[in-house]
Every structure is written in C-alpha cells, then in structure tokens.
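A structural walkthrough
Listed below, chain by chain, are the residues.
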Amino acid sequence: MMDPMAWWHDAVAYQIYPRSFADSDGDGMGDLKGILSKVDYLAELGVDVVWLSPVYPSPMADNGYDIADYRDVDPLFGTLADLDAVIAALHARGIRLVMDLVVNHTSDEHPWFVQSRSSRDNPYRDYYIWRPPRDGREPNNWLSHFGGSAWQYDEATGDYYLHLFSRKQPDLNWENPKVRAEVYDMMHWWLRQGVDGFRMDVINMISKAPGLPDAPATRPGFYQWGGQYFVNGPRLLEFLAEMKREVLSKYDILTVGETPAVNTSQAVQITNEETGPLNMLFQFEHMDIDGGRWGRRSQRRAWELAELKAITTRWQRDLELGRGWNSQYLSNHDQPRPVSRFGDDGPCRAESAKLLGTFLHMLKGTPYVYQGEEIGMTNVALPSIDDYRDIETLNMYRERISEEGADPQALMQLIHARSRDNARTPMQWSDGPNAGFTAGTPWIKVNPNYRDINVEKALTDPDSVFHYYQRLIELRHTRPIVVYGVYDIIMENHPQIYAFTRTLEDERLLIILNFSGEEPVFELPDGLEAPQPRLLIANYPVREGDDLRRLELRPWEARVYLLGA
Ligand code: TEU
C-alpha cells in the first residue's frame, strides 16, 4: 500500500462557520463552547481537519472577515482559552484545526488602521493603500465587491483608501515590508498556539498592479470591476514565496488559498509541492457555472453538466500528481447549498445529496465538507429582505433597486437562489426549538425544514446522507486509489451521466453519476469489462439482475465500482 506523501493528501476537511454552528449560551450566536460540544459528532463523521471561519475580534461588518485584532477571540465566540479547549479536544480525536487567515484587509477598527487614518505622517500610514483624490474624485474606477466604488474618502487627511470589499475592510499594503513582517509574526504566533494551518482569504488579491490603473469601462464584470489589476497581481508569487520561506516551510501544516479567478497554470505555480508556496487552492470555475461570479452583479443561469465535466476534467488533469494538488468543494459559507443548486432539494433530496457527495469524494484532491452538507441541508427562502443578514445580499438589493429600478420581487427570487445566507442559516441539530441550535433567538432564522432535515434524525437512520458521507470518507482513508488514482473521464458527451475512472497500478475505480431526475442508461465502454466488478458504494439498493454492462439508472443514482485486482 502506498503511504500518503503528505498527511493532507488523504485528509477530509470540514468547515465550521462559527456563528451558525452551535450556540452554548443562548445569545443566538454560535460559539466556541458550542463547537466543543460537537467534537464527537465531527469525530463520528470521520473528518481529519476542521477549517474554522474567523473567530477574531471584529465589528462583524462581514461576519468576522473584518478583523480588528489578529491575536484574540471575539467575546461573542468566547475566549482564547475556549479556543485552546477546542484545539485540545480536536487533537485528542486526531482532528487538526486550520484557522482562517484574512490578510488582504483588516477591519477599519483595527488599531493599525486607526493609526493609519489619523495623519499622513503616521508610521502606520503605509500599512494601507492611500491615494489623493483625482480631479476631486476617486483615485481610479475600481469597484468594491460589495457595491459602490472601491475607494472611501477620509475626512481626516483628505485622501481615499482602497477597500476591495466593504468600506469597513481597508486593504493592507503588501508592498510595505513591515506589513508582511507583521503578518508572518502573527502566523508564527498562531502556529505556536498549536493550530495546524491556514485557509487564506482572497490571498491572490494581495498584490495590486503598480500605478493602480483604471479598468477599461468597456469590458463587463470582473474586468470592469478592476479585477485584472489586483487578482493574481505582479508580486503575488514573490509575496507567497517569502511567506513560505519565513513561515510555512518551518511547520508541517495545511495551507489552502482562496483564489477567485485563478486558472490551472497559475494553480500549478502555487501548489507544486516542491516549488509552490501553498498546498492547495480553492478555485471558483465550478462555482461560476450557474451565474455571475461577483455578488454585486449576481445573476442566475441554467448550468450544464457539460460545463461541469469540462471544468472538473481540466483541473483534475492539469494538477496531476507531481504538478499540483487540488482541493474539492461544492459549498462553503459564501455559496448556495449544493443540493438546491446542483441537485434536487425536492423529492430526490437525499439521493442527490449523496450523488453530489460521491462526486466530491471520488475526485482527486482534498475534499472540504461545509457544515450541514453532510445532512443535505438546503437553500432557504426567507420571505422578507429584513430576514437577511449578509452585507453582500443587502447591498446588492439596495443598489439594484436604487440604480436600476429592479423589481424587488425578482430580486428576492435571485436572493433565494444565490444569497450567501443560504449557507448561513443555523446548523440543524434536531427537530426541537430552533433546530437545537440555540436556546435563545437565532441571529438569522432557522430553515423551516429542520423538522425533517436534522442531525438527530440523520444519526438514527442508517441510510441517511450523514452515514453515506461517513462511508465516503472512510473509503478515502482506506483506499489509496481514492487519493492517488489517475482521473479519466468516460462517455464525455453524455448529457445526464457523469462517469469517470480512477486508476492506480492494477486497480481501477469506476464512478457513475446520474446528474438528473431522469433514467438514462449507462453502457459500459469497451476496455472497462472486468470479471468481478465490486460495488463499493451506491445511493440505491442494488437491483436483482443488475448488469454493469448495461445499467438503467434511477434518478440521481450514484455508484462506485472497483474493477480489477
Ligand atoms: O470571499 C471572497 C470572494 O471572492 C467571495 O466574496 C465570493 O466570490 C462571493 O462571496 C460569492 O458570492 C472571502 C470570504 O470567503 C467571504 O466570506 C468574505 O466576505 C470575503 O472574502 C472578504 O473577506
């Protein structure tokens, strides 16, 4: 048996969005003691790593992605001692903890920014990106991800500061070596506290093009936003190489960069095990197949299986072992729920959740499960805009009504499909009050389907999505072919079936996924006949007389066979 070359190769990660996970003190907000009370649940699922979204002190303009102190815990979530207790409890169960590292920007309430804005000659001035007005206006035409200009005028000194996200998230100036040294120091500090790595928020936006040129107004979306001047910027690889030299290379940790608009050749440069700075990336191409990439310009369109196949196949091939390493995800705290988006959240909810899980876990790369995905949680359709909390959603709604005169009802439909709050409704633990999430009033409404979809029920049902995920995770842990097998797509042009193989030495896996509510027929391509194909996992009971050479698939049916050896 092949030993994993790095511990994170055969690991499965689980993302916790702390404010929505579990509330221990009845204030309606998830917290660290809540997480502590659920570590056995995580161990039962079988995950190896927890990625914890930000718990740092924050004014919470963007739910903690606006950090005011990098070395503490917000009282809403608890204390550093609570975090230590979570780390110890996870470690005791063989689970590692990865922190969210948000260093493209800080909060405007971070002491560095408070200093920086106070005067032009303050020693912290250059920690951020300040420019004088241009013809009495913004220094350039870049747009903020959360709406409006990416520049905010500041009375105190009469200059503008750059914020690619909200006004309350000023961008750090990575050109300043002092900023980089501060970040590295802080990373060492966390690693010494015993954390096992970092998920790096929009890490490919830290280098901005010299001169901060105007975006050409003629090109839509990303380009109009200015993206080409700050995504994958000129000094990105240099900064990351420095971070590797100064920090990352000194520890055996997991690093995953969140990198919108990255392509596979950039990903190879970043994730090559020898020459690249990070272990893996979150790429976004598959997240963009049903709408616009950028929240403020959010759209919806029908997605096509052909596109998902093409994107996935390209990433699987281009990041083949020795070149780079993939991460796999279908959801996170910024995305709609996958079962509502790529599956069927109606009658085939459980089947399609299992199919999507099979897809996620049978690809090469480290899988990330987002809280609630393992029980097939769905999108929510909260009736009023006042029920929503996400800054991106609220700004988009306001901006489109005021700028385009958009129809509020149509916007609500868009929000029901696309809002980040779909992922942020409380974790559904039971069919009790507030889904067992809190004894108080939750900060955001619970999805009304919690009576039917909840952890308690999933744990008692041997056929639940939870137990299926548990088996998928176990397959990765016990079968190196799931970790290292070479990916090949078959029946590439089939409109409903996504089938692929994974090959390692004389073993081969065959993964058959019916991405539809229809009943297409799978016909085994030549060359894949095997004397005794062995079914490793499936989301329907096997039928009498099933023949792999010609399989009539049921709606959202998923099967994994082991051929040979
Ligand atoms: O997200 C960056 C990012 O690109 C997302 O904003 C994503 O494209 C969008 O939300 C999809 O609608 C990271 C964090 O994950 C997000 O929660 C933060 O709001 C953002 O950075 C700023 O820190």
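The following paragraphs examine the structure supplied in this document. (Residues numbered from 1 in each chain as written. Predicted model: local features only at pLDDT ≥ 70, side-chain atom pairs only at ≥ 80, totals over all residues. Heavy atoms only, no water.)

Some remarks on the packing of helix H5 (residues 177-192) against helix H7 (residues 236-246)
Put simply, the rule is: Interaxial angles span 0 to 180 degrees and are taken between N-to-C directions of axes, which are lines fitted to C-alpha atoms, for helices over the stretch in contact. Helix and strand assignments come from DSSP, with helices taken as H or I runs of at least 4 residues and strands as E runs of at least 2, each series counted from the N terminus. Note on angle classes: values under 35 degrees are labelled roughly parallel, values over 145 roughly antiparallel, values of 65 to 115 roughly perpendicular, and the remainder oblique. Throughout, a crossing is termed right-handed when the near helix is turned clockwise from the far one, and left-handed when it is turned anticlockwise from it by less than a right angle. Any two residues having at least one pair of non-hydrogen atoms within 4.5 Å are treated as being in contact. All residues other than Ala, Val, Leu, Ile, Met, Phe, Trp, Tyr, Cys, Pro, Asp, Glu, Lys and Arg, Gly among them, are scored as polar; the first ten of these are nonpolar and the last four charged.
The contact between H5 and H7 brings their axes to 10 Å, and the two run at 40°. Of the possible angle classes, the one that applies to H5 and H7 is oblique. Judged by the sense of rotation from one axis to the other, the crossing of H5 with H7 is right-handed. Across from Arg-180, Tyr-184, Met-187 and His-188 in H5, the residues of H7 making contact are Phe-239, Glu-242, Met-243 and Glu-246. Within the contact of H5 with H7, the residues separate by chemical class into 4 nonpolar, 1 polar and 3 charged.

Notes on the packing of aromatic side chains
Stated formally: For this analysis, a ring pair means two rings from Phe, Tyr or Trp (six-membered ring only for Trp) whose centres lie within 6.5 Å, classed as stacked if their planes differ by under 30 degrees, edge-to-face if by over 60, and tilted for the remaining angles. Per-residue accessibility, obtained with a 1.4 Å probe over protein chains only, is compared with the maximum for each type, and a residue is labelled buried under 20%, exposed over 50%, and partly exposed between these values.
Under the definition given, this model contains 32 aromatic pairs. Between Tyr-56 and Trp-190 the ring centres are 5.7 Å apart and the planes differ by 80°, which places this aromatic pair in the edge-to-face class. You can see Tyr-56 sitting in the loop between strand E2 (49-52) and helix H3 (80-92) and its partner Trp-190 sitting in helix H5, a full 134 residues away along the chain. Since its relative accessible area comes to 2%, Tyr-56 is described here as buried. Each ring, one from Phe-113 and one from Tyr-161, has its centre 4.8 Å from the other, and the planes form 70°; the classification is edge-to-face. Linking Phe-113 in helix H4 (residues 111-118) with Tyr-161 in strand E6 (residues 159-162), this pair joins segments that are 48 residues apart in sequence. In this pair, the class of Phe-113 matches that of Tyr-161, namely buried. An aromatic cluster of at least three residues, connected via ring pairs, comprises Trp-303, Phe-342, Phe-359, Tyr-487, Tyr-498, Phe-500 and Phe-515.

Topic: the side chain of Thr-366
The line we're drawing: Identification of polar contacts relies on pairs of N or O atoms within 3.5 Å, with a donor-acceptor requirement for protein atoms, meaning one able to donate a hydrogen and the other able to accept it, and with residues adjacent in sequence counted only if both atoms are side-chain atoms.
With respect to the helices, strands and loops of the structure, Thr-366 is situated in strand E11 (residues 366-370). Only 2.8 Å separates the side chain of Thr-366 from the side chain of Trp-325, close enough to count as a polar contact. Residues within four places of Thr-366 in sequence aside, it is in contact with Trp-8, His-9, Ala-11, Met-280, Trp-325, Asn-326, Ser-327 and Gln-328.

Describing the sheet that holds strand E13 (residues 497-504)
By definition, the strands of a sheet pair up through backbone hydrogen bonds, in either a parallel or an antiparallel sense. Selection rule: At least two bridges found by DSSP between two strands are what make those strands a pair.
As summarised here, the arrangement of the 5 strands in space is E12-E13-E14-E18-E16, forming an open sheet in which the pairing is antiparallel. Strand pairing shows two members of the sheet lacking a second neighbour, strand E12 (486-490) and strand E16 (534-538), which therefore form its edges. Averaged over all pairs of adjacent strands, the angle between their axes in this sheet comes to 20°, without regard to strand direction. The pairing of E13 with strand E14 (residues 507-514) spans 8 bridges and is classified as antiparallel. The partner of Ile-497 across the bridge, within E14, is Asn-514.

Remarks on the sheet that holds strand E9 (residues 280-282)
Taking strand neighbours across the sheet as the criterion, the 8 strands line up as E9-E8-E7-E3-E2-E1-E11-E10 in an open arrangement whose pairing is parallel. Edge strands, defined here as strands with exactly one partner in the open sheet, are E9 and strand E10 (327-329). Neighbour-to-neighbour, the strand axes of the sheet open up by a mean angle of 25°, direction not taken into account. Strand direction decides the pairing type here: strand E8 (residues 254-258) and E9, joined by 3 bridges, are parallel.

Topic: the pattern of salt bridges
Quick note on the threshold: The term salt bridge refers to a pairing of a side-chain nitrogen on Lys or Arg with a carboxyl oxygen on Asp or Glu at a separation within 4 Å.
Applying the stated rule across the entire model yields 38 salt bridges. The salt bridge partner of Asp-546 is Arg-543, with a shortest N-O separation of 3.6 Å. The exposure class of Asp-546 is partly exposed, given its relative accessible area of 26%. The class for Arg-543 is partly exposed, based on a relative accessible area of 31%.

Quick look at the site of the ligand
What counts is decided by this rule: One heavy atom suffices: a residue is near a molecule or strand as soon as one of its heavy atoms comes within 4 Å of it. The accessible surface values rely on the Shrake-Rupley method and a 1.4 Å probe; as for residues, cover is taken only from the protein chains in view.
In the vicinity of the ligand lie 18 residues, with Asp-62, His-105, Asp-201, His-333 and Asp-334 positioned nearest. Between an oxygen atom of the ligand and a side-chain N or O atom of His-145, the distance comes to 3.0 Å. In this structure, Arg-199 approaches the ligand through a side-chain N or O atom, which is 3.0 Å from an oxygen atom. When the ligand sits alone it has 490 Å² of accessible area, and the protein chains cover 97% of it. Taken together, the residues of the shell around the ligand sort by class into 6 nonpolar, 4 polar and 8 charged.

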